[in-house]
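Here are the chains, one letter per residue:
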Amino acid sequence: MDSRSIALKAFIQASMFGLVALLVLLLLNAGQVLLLVFAGILFAVLLRGMADWITRKTGMPDGVGLTVAIMVPLLVIGIAIWLIAPAVGDQASKLADRLPQAAEQLKAQLLQYSWVQQLWDNKERMAQALPGDSSGTSVIAQFFTTTFGSLGNLIVVLFLGLFLAINPDWYVNGAVRLFPVERRERARTVLRQTGETLGSWLIAKLTTMSAIGVFTTIGLWLLGIDLALVLGVIAAMLSFIPNFGPIASVIPAALIGLVASPEKALYVLLLYAGVQTMESYLLTPMLQQHMVDLPPALLMTMQVLLGVTVGILGVILAVPMTAAGMVLVRMWYVEDVLEGNA
């Protein structure tokens, strides 16, 4: 191996180390902003993927294809909002009113057990070991408020994604110019592969989210849960978050079922378990070629790490960030450095 190759590998290793150190520093000091930027990139990848598919299938100019890719989803979302928003809003209001009632009913039933009564009698001492208000109702309310209440952040993500999708080459070329001349083509290939990976994963994920929402809503309706629609929407949205999302989505549904009867709460739990089983063993294998194969331990570690450093937004975006990071590490470090393909 000549001195030039050694120097190049040393440069790549130092760059990777510096990049990781910079990302850690930024996560600690400006993590929320970085995650919003990454969410905007995800939205831009989705728009560009739709626009490229339209232009390939129809032969439309790129600008027209992007316009269609933007307007058609907006039209579909607008129609959906017009049709179901009043019902969802009404059910969401009822859900907010019923959750405290359901939590109190669950509390009353649990306090019938002596060991639960003993724990409850020591609740003040236990509360001192937890930050803030640790009541179950407040934790649930805070989670949903944090997840769905950031309208300003949503607007930032939408506009950032739109700007990136309109002229992606401008930003890609700017990023590529940060690399040495002989590495620019490789950098462009890595960035393209990262974008394709994120786009394929996002489309597959949106497919599974839609299926989970539909099956959950139908199942709850068949069980006689009158808030089935809003609970199905919650289940669909929270399924974006592996591991923790399905657990969080079943809590309000089980509490609402408990108001009717313990048996109905059990049926709700079985329904959610069945939907998750269908997603794991039917939908995911069907979409496996579009999904990123992430080690579960690595994914959970990233969720916890990002959740601790930047909050719930880090948990939400942990999967696509981990997927993108694995592509970068595989191509830039494993292939180029360890395997000597540079």
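Residues numbered from 1 in each chain as written. Predicted model: local features only at pLDDT ≥ 70, side-chain atom pairs only at ≥ 80, totals over all residues. Heavy atoms only, no water.

What follows concerns the nonpolar core. Note that soluble globular proteins tend to have their nonpolar side chains buried in a common cluster. One finds Leu 95, Leu 220, Leu 231, Tyr 272 and Leu 317 to be the most contacted residues of the largest nonpolar core, which totals 51 residues. Ignoring any residue separated from it by four or fewer positions in sequence, one finds Leu 317 in contact with Leu 35, Phe 38, Ala 39 and Leu 42. Counting 9 residues, the second largest nonpolar core, distinct from the first, contains Ala 44, Leu 47, Ile 54 and Ile 70. (Core = buried A, V, L, I, M, F, W, Y, C linked by side-chain atoms within 4.5 Å. Buried < 20%, exposed > 50% of the residue type's maximum accessible area, 1.4 Å probe, protein only. Contact = heavy atoms within 4.5 Å.)

Before going further, it helps to examine the pattern of salt bridges. Where charged atoms from two side chains of opposite charge approach closely, those side chains can pair. One pass over the structure, following the stated rule, counts 4 salt bridges. A salt bridge links Arg 48 to Asp 62, with the shortest nitrogen-to-oxygen separation between them at 2.6 Å. Of the two residues, Arg 48 sits in helix 1 (residues 3-58) while Asp 62 sits in helix 2 (residues 62-110), which places them 14 residues apart along the sequence. For Asp 62, a relative accessible area of 36% corresponds to the partly exposed category. Among the ionic pairs, Arg 186 bridges to Glu 335, the shortest N-O distance being 2.9 Å. With a gap of 149 residues between them, Arg 186 in helix 8 (residues 184-222) and Glu 335 in helix 14 (residues 318-338) connect regions that are remote in the sequence. Connected through salt bridges with shared partners, the residues Arg 48, Asp 52 and Asp 62 form a single ionic network. (Salt bridge = Lys/Arg side-chain N within 4 Å of Asp/Glu carboxyl O. Helix = DSSP H or I, 4+ residues; strand = E, 2+ residues; numbered from the N terminus.)

Bringing a nonpolar patch on the surface into the picture now. On the surface, Leu 154, Ile 155, Leu 158, Phe 159, Phe 163, Ile 166, Trp 170 and Tyr 171 cluster together to form a nonpolar patch covering roughly 840 Å² of accessible area. Of all the secondary-structure elements, those providing two or more residues to the nonpolar patch are helix 6 (151-166) and helix 7 (168-176). (Patch = residues over 30% accessible without salt bridge, like charges linked within 9 Å, V, L, I, M, F, W, Y side chains within 5 Å. Areas by Shrake-Rupley, 256 points an atom, 1.4 Å probe, with all protein chains shown as cover.)

Structurally, Ala 254 can be placed in helix 10 (residues 244-260). On the basis of relative accessibility, which here comes to 16%, the residue Ala 254 falls in the buried class. Separated by 10 residues in the primary sequence, Ala 254 and Lys 264 place their C-alpha atoms 8.2 Å from one another. Other than its neighbours up to four places away in sequence, Ala 254 contacts Ala 265, Val 268 and Leu 269.

A word on helix 14. Here helix 14 spans only 26 Å end to end across 21 residues, well under the 30 Å set by a 1.5 Å rise per residue. Taking the largest bend as the criterion, helix 14 deviates by roughly 30°, centred on Arg 330. Those residues of helix 14 that sit buried are Ala 318, Val 319, Pro 320, Thr 322, Ala 323, Ala 324, Val 327, Met 331, Trp 332, Glu 335, Asp 336 and Val 337. (Expected span 1.5 Å × (residues − 1). Bend = angle between axes of the 7 residues up to and from the residue.)

Axes are the key here: two packed helices are described by the angle between their axes and the distance separating the axes. Contact geometry for helix 12 (residues 296-310) and helix 14: axes closest at 9 Å, N-to-C directions at 120°. Considering the angle they form, helix 12 stands oblique to helix 14. Handedness of the helix 12/helix 14 crossing: right-handed. Residues Leu 298, Leu 299, Met 302, Gln 303 and Leu 306 of helix 12 touch helix 14, and the partners they reach there are Ala 318, Val 319, Met 321, Thr 322 and Met 326. Tallied by class, residues from the contact of helix 12 with helix 14 come to 8 nonpolar, 2 polar and no charged. (Axes fitted to C-alpha atoms, helices over the stretch in contact; angles between N-to-C directions. Parallel < 35°, antiparallel > 145°, perpendicular 65-115°, else oblique. Left-handed = near helix turned anticlockwise from the far one by under 90°. Nonpolar A, V, L, I, M, F, W, Y, C, P; charged D, E, K, R; others polar.)

Glancing now at the side chain of Thr 322. When you line up the elements, Thr 322 lands in helix 14. When neighbours within four sequence positions are excluded, Thr 322 is seen to be in contact with Leu 294, Leu 298 and Met 302.

Turning our attention to the packing of helix 10 against helix 11 (residues 262-286). Across the interface, helix 10 lies against helix 11 with an axial gap of 7 Å and an inter-helix angle of 155°. Between helix 10 and helix 11, the angle falls in the class roughly antiparallel. Relative to helix 11, the crossing made by helix 10 is right-handed. Facing Pro 246, Ser 249, Val 250, Ala 253, Ala 254, Gly 257, Leu 258 and Ala 260 of helix 10, the residues of helix 11 in contact are Pro 262, Lys 264, Ala 265, Val 268, Leu 269, Tyr 272 and Gln 276. Looking at the contact of helix 10 with helix 11, its residues break down into 11 nonpolar, 3 polar and 1 charged.

Tracing the sequence through the fold places Asp 52 in helix 1. Note on Asp 52: relative accessible area 29%, which makes it partly exposed. Sequence spacing of Asp 52 and Asp 62 is 10 residues, and the spatial spacing of their C-alpha atoms is 7.4 Å.

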